[in-house]
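# Breakdown of the fold
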Amino acid sequence: MKNYRSSEKVNAGSMADIAFLLLIFFLVTTTIATDKGINRTLPEKCPDRVDCTKTILEQNVLRIVLNNDDNILVADEQVELKDLKALLIKHIDNNADGTCTYCGGSADSSLSNNPKEAVLSLQHHRETSYELFVLVHDEISKAYWFLKDNYAKKVYNKPLSDVTTAELKSINTLYPVQISEVMTKN
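### Description of the pairing of strand 1 (residues 61-66)
- Alignment of strand 1 against strand 4 (residues 119-125), held across six bridges, turns out to be parallel. Across the sheet, Leu62 pairs through a bridge with Leu120, a residue of strand 4.
- Relative to strand 2 (residues 72-74), strand 1 runs antiparallel, the two sharing three bridges. Paired with Leu66 across the strands is Ile72, a residue of strand 2.
- As consecutive antiparallel partners, strand 1 and strand 2 are separated by five residues, and within that stretch Asp70 has a phi angle of approximately 60°, a positive value.

The structure is reproduced here in structure tokens:
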């Protein structure tokens, strides 16, 4: 007498349902990281048949160069990242022309006339690391935040984070962020 053993059968009909439920569960509960970038507002488009170029005095431009060795050069002198914010504040908040009543700068004739005319020219090499580029942009943001926050505390008696939309708009007109970005060629 032969003894045949029949194999056990697994009911796989509900396996597809379980896999589908697991997929739905992970899709619903997973948070997807949003892309991060540099928060900048682009200038308005220039209207047709209007010359939107303007002449900028050389003293109003602070040239920041990021080279292929990840060095930071400000006005052709190498600086450390930790020193950049102070240099930016000194350039932006200067009052060389004497027209700025809210500036705290030293009125150095080699720096910007006032914050409304200060321009930061950020030039980078093709091989500059993205990390350094972002860190320099962070320092630029910190410098402008510092200046705007000081103004808000002095005029409105509150930090920049607590000002109203109208007050923020007024502060932004006094300290406009003007950055020119260029990638240098080899």
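### So, the pattern of salt bridges
- Across all of its chains, the model carries five salt bridges by this definition.
- Across the salt bridge formed by Lys82 and Asp83, the nearest N and O atoms sit 3.5 Å from each other.
- Between Glu139 and Lys142 there is a salt bridge, with its nearest N and O atoms 3.1 Å apart. Of this pair, Glu139 and Lys142 both sit in helix 3 (residues 130-156), three residues apart, roughly one helical turn.
- Taking the relative accessible area as the measure of exposure, Glu139 reaches 10% and is therefore buried.
- Using a relative accessible area of 43% as the deciding quantity, one classes Lys142 as partly exposed.

### Focus on the state of the cysteines
- One pass over the full model with this rule turns up one disulfide.
- Put simply, Cys100 and Cys103 are joined by a disulfide, and their sulfur atoms are 1.9 Å apart. Between Cys100 and Cys103 the disulfide shows an S-S torsion of about 90°. By sign, it is right-handed.

### A few points about the packing of aromatic side chains
- Applying the stated rule across the entire model yields five aromatic pairs.
- Measuring from ring centre to ring centre gives 5.4 Å for Tyr102 and Tyr175, while their planes differ by 75°; the resulting arrangement is edge-to-face. Taken as a pair, Tyr102 in the loop between helix 2 (81-92) and strand 4 and Tyr175 in the loop between helix 4 (165-174) and strand 5 (179-184) lie far apart in primary sequence, 73 residues in all.
- Exposure remark for Tyr102: the relative accessible area of 14% places this residue in the buried category.
- According to the relative accessible area criterion, Tyr175 is buried, its value standing at 2%.
- A centroid spacing of 6.4 Å and a plane angle of 80° characterise the contact between Tyr151 and Tyr156, whose relative ring orientation is edge-to-face.
- Note on Tyr151: relative accessible area 12%, which makes it buried.
- The partly exposed category is assigned to Tyr156, whose relative accessible area is 23%.
- Through successive ring pairs, a cluster of aromatic residues spans Tyr102, Tyr151, Tyr156 and Tyr175.

### Quick notes on the packing of helix 3 against helix 4
- Closest axis-to-axis distance for the helix 3/helix 4 pair is 10 Å, and the angle between their directions is 125°. When the interaxial angle is binned, helix 3 and helix 4 end up oblique. Taken as a pair, helix 3 and helix 4 cross one another with a handedness that is right-handed. Where helix 3 approaches helix 4, its residues Lys148, Tyr151, Ala152 and Tyr156 are matched on the opposing element by Glu167, Ser170, Ile171, Asn172 and Leu174.
- Looking at the contact of helix 3 with helix 4 residue by residue, the class counts come to five nonpolar, two polar and two charged.

Calculation rules
- Every chain's residues receive numbers from 1 upward, in the order its sequence appears when written.
- The predicted nature of this model means local features are confined to residues of pLDDT at least 70 and side-chain atom pairs, given and counted, to a pLDDT of 80 or more, with totals for whole chains, interfaces and linings taken over all residues.
- Hydrogens and water are ignored here; the side-chain numbers use all heavy atoms of the structure.
- Being paired, for any two strands, means DSSP has found at least two bridges between them.
- In DSSP terms, a helix is any run of H or I states spanning at least four residues, a strand is any run of E spanning at least two, and both are numbered starting from the N terminus.
- Whenever a carboxyl oxygen of Asp or Glu lies within 4 Å of a side-chain nitrogen of Lys or Arg, that contact is scored as a salt bridge.
- With a 1.4 Å probe rolled over the protein chains alone, any residue whose accessible area is under 20% of its type maximum counts as buried; one over 50% counts as exposed, and the rest are partly exposed.
- Cysteine sulfur atoms are paired as a disulfide whenever they come within 2.5 Å of each other.
- Here is the rule: rings of Phe, Tyr and Trp (six-membered ring for Trp) pair when centre to centre is within 6.5 Å. Planes less than 30 degrees apart are stacked, more than 60 are edge-to-face, and the remainder are tilted.
- For helices, the axis comes from a line fit to the C-alpha atoms of the stretch in contact; other axes are also lines fit to C-alpha atoms, and the angle between any two N-to-C directions lies between 0 and 180 degrees.
- Under this scheme an angle from 65 to 115 degrees is roughly perpendicular, one under 35 degrees roughly parallel, and one over 145 degrees roughly antiparallel; angles in between are oblique.
- With the far helix as reference, a near helix turned anticlockwise by less than a right angle produces a left-handed crossing, and one turned clockwise produces a right-handed crossing.
- Between two residues, a contact is recorded if the distance between any of their heavy atoms is within 4.5 Å.
- Residue classes follow a fixed rule: Ala, Val, Leu, Ile, Met, Phe, Trp, Tyr, Cys and Pro count as nonpolar, while Asp, Glu, Lys and Arg count as charged, and any other residue, Gly among them, counts as polar.

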